[in-house]
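Given next are the chains, with one letter for each unit.
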Amino acid sequence: MTKVMGLNSAPEEFRWSLERYHDAIEKGVLTELDKVELLFGKIIPKMPVGEPHADVLSDITDFFYEQFGTRFKYRVQNPVTLPNDSEPEPDFAVVERRKYNRSTGHPNAENIHLLIEIADSTLEYDRTSKMEAYALAGIKEYWIVNIRERQLEFHAEPIIAKGIYGSRSVHEAGSRFTSPLAGELLVDSMLPEV
């Protein structure tokens, strides 16, 4: 017997698995022209990068190269593979120095030391969905560089079972904060010039 959909019933929401998402990329269904990422089985459009965002990303990249050289690999707006059918593209990732290719895949939670999102129009998304995905995966350290409010939001000590971070602090422009990975930093060094 065929089930007929009525006004008060809706079909189950379609969810993408990592395998189906990778297959769509490999077969050219999704290309580099499709500015999207996968989060909790949903394909999410990515916002274009504005000038302040791009400038901050360059400064962050320079900082980590100056601080650590080639000790780590730095990925700029490239995918990381997480549980729950998620493959977001964080603005910046500090990962284990090794080869990531078709046979090894993208970095996963075990290979990731730090993820950074640079937020202006994506602030709410970065504070909710992205943060939950990163905490559920056990990402040790997550920063949101909040361009709009000129502050840095620091998250550490993921509570995997709840999808939240046990340690959270907000650091205003002009202040300093301490990162377990990067040491003491001046917030202004991570913000665009005014």
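A brief look at the structure comes next. Small disclaimer: the values here were computed from a predicted structure and weren't measured.

Attention now moves to the sheet that holds strand 7 (residues 151-159). On the basis of which strands lie adjacent, the open sheet formed by six strands has the order 3-4-5-6-7-8 and mixed pairing. Looking at which strands have only one partner, the edges of the open sheet turn out to be strand 3 (73-76) and strand 8 (164-172). Sheet twist, expressed as the mean angle between neighbouring strand axes with direction ignored, is 15°. Pairing between strand 6 (residues 141-146) and strand 7: six bridges, direction antiparallel. Each residue of the ladder has a partner; that of glutamate 141, found in strand 7, is alanine 156. Lying on the sheet, helix 3 (residues 123-137) is in contact with strand 5 (112-119), strand 6, strand 7 and strand 8; it crosses strand 6 at an angle near 175°.

As a further point, take the side chain of aspartate 126. Inspection of the secondary structure puts aspartate 126 in helix 3. Buried aspartate 126, no salt bridge; nearest opposite-charge side chain is lysine 130, N-O distance 4.3 Å. Beyond its immediate sequence surroundings of up to four residues, aspartate 126 is in contact with Glu117, Ile118, Ala119, Met131, Tyr142 and Ile144.

The phi dihedral of asparagine 84 falls on the positive side, at around 60°, and the residue is not glycine. Under the relative-accessibility criterion, asparagine 84 is labelled partly exposed at 43%. A positive phi angle, near 50°, is found at arginine 150, a position not held by glycine. Inspection of the secondary structure assignment puts arginine 150 in the loop between strand 6 and strand 7. The class for arginine 150 is partly exposed, based on a relative accessible area of 24%.

Before going further, it helps to spend a moment on the pattern of salt bridges. The full count for this structure, using the stated rule, is nine salt bridges. With its nearest N and O atoms 3.2 Å apart, the salt bridge here joins aspartate 23 to lysine 27. By relative accessible area, aspartate 23 is classed as partly exposed at 32%. Glutamate 184 is the salt-bridge partner of arginine 176, the closest N and O atoms lying 3.9 Å from each other. For glutamate 184, a relative accessible area of 55% translates into the label exposed. Here the salt bridges do not stand alone but share partners, grouping Arg127, Glu149, Glu153 and Arg168 into one network.

Rules used throughout
Residues numbered from 1 in each chain as written. Predicted model: local features only at pLDDT ≥ 70, side-chain atom pairs only at ≥ 80, totals over all residues. Heavy atoms only, no water. Pairing = 2+ DSSP bridges. Helix = DSSP H or I, 4+ residues; strand = E, 2+ residues; numbered from the N terminus. Axes fitted to C-alpha atoms, helices over the stretch in contact; angles between N-to-C directions. Contact = heavy atoms within 4.5 Å. Buried < 20%, exposed > 50% of the residue type's maximum accessible area, 1.4 Å probe, protein only. Lys, Arg positive; Asp, Glu negative; His and termini not counted. Salt bridge = Lys/Arg side-chain N within 4 Å of Asp/Glu carboxyl O.

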